[in-house]
Amino acid sequence: VLSQTVADYCRTHPEYLESVFLANITGHEFMPKIHPTEALFLLNLCITYESDQRQNSGEDGNAEKGLSLRSRCVEATKNWKVAFGSSVLSNKRKRSSLNDEYSNLHFPLKVELMEAALVSANIEYEK
């Protein structure tokens, strides 16, 4: 999945990251799906570099709700077992604070992610 390649590039070349660049390489027409393993990392980048503001500014004429990087990352967390892995599902004492993208998020966004994950988990449970 392209989002994994983009995330790997961003991790290895942080010196090139800025709002316009990130908005361009993560645009919905270029990268429509986010792999769950990269959802939290890309969500942190989106917030840090405010790339969604550029994507949703209407500059490209395609600023539709649900196509932003943020909304695609939230959608990817519905695969909660993969998306949250050790960041949320493990014992707090065992978590690595250096690589825990979840802990860096603001509380309202954490609630939104957990709601999406719980709905998805409930659907799985009911099957």
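Everything quoted here is computed from the prediction, not taken from an experiment.

Quick notes on the rules
Residues numbered from 1 in each chain as written. Predicted model: local features only at pLDDT ≥ 70, side-chain atom pairs only at ≥ 80, totals over all residues. Heavy atoms only, no water. Helix = DSSP H or I, 4+ residues; strand = E, 2+ residues; numbered from the N terminus. Buried < 20%, exposed > 50% of the residue type's maximum accessible area, 1.4 Å probe, protein only. Contact = heavy atoms within 4.5 Å. Axes fitted to C-alpha atoms, helices over the stretch in contact; angles between N-to-C directions. Parallel < 35°, antiparallel > 145°, perpendicular 65-115°, else oblique. Left-handed = near helix turned anticlockwise from the far one by under 90°. Nonpolar A, V, L, I, M, F, W, Y, C, P; charged D, E, K, R; others polar. Salt bridge = Lys/Arg side-chain N within 4 Å of Asp/Glu carboxyl O.

Enquirer: What's the story with the environment of Ala83 in this structure? I'm lost.
Expert: Here Ala83 lies in helix α6 (residues 80–88). When its relative accessible area of 8% is taken as the criterion, Ala83 is described as buried. Residues contacting Ala83, with those up to four places away along its chain left out, are Pro36, Leu40, Ala76 and Thr77.

Enquirer: What's the story with the packing of helix α3 (residues 39–49) against helix α5 (residues 69–76) in this structure? I'm lost.
Expert: When two helices pack together, their arrangement is captured by the angle between the axes and the distance separating the axes. Direction vectors running N to C along α3 and α5 enclose 160 degrees, while the axes themselves pass 9 Å from each other. Looking at the two axes, α3 sits roughly antiparallel to α5. In this structure, the crossing between α3 and α5 has a hand that is left-handed. Only Leu69, Arg70, Cys73 and Ala76 of α5 make contact with α3, whose side of the interface consists of Ala39, Leu42, Leu43 and Cys46. Tallied by class, residues from the contact of α3 with α5 come to seven nonpolar, no polar and one charged.

Enquirer: Looking at this structure, I do not really get the pattern of salt bridges. What am I missing?
Expert: One side chain can pair with another of opposite charge once the charged atoms of both are near each other. Under the criterion given, the structure shown has five salt bridges. For Glu112, the salt bridge is made with Arg70, and the minimal N-O distance between the two is 2.7 Å. Of the two residues, Glu112 is situated in helix α7 (residues 107–126) and Arg70 in helix α5; the sequence distance between them amounts to 42 residues. Residue Glu112 is classed as partly exposed on the basis of its relative accessible area of 28%. When its relative accessible area of 31% is taken as the criterion, Arg70 is described as partly exposed. Linking Glu124 and Lys81 is a salt bridge whose minimum nitrogen-to-oxygen distance equals 3.9 Å. Taken together, the positions of Glu124 in helix α7 and Lys81 in helix α6 put the pair 43 residues apart, joining distant regions of the chain. Each of Asp8, Arg11 and Glu38 takes part in one network of salt bridges that share partners.

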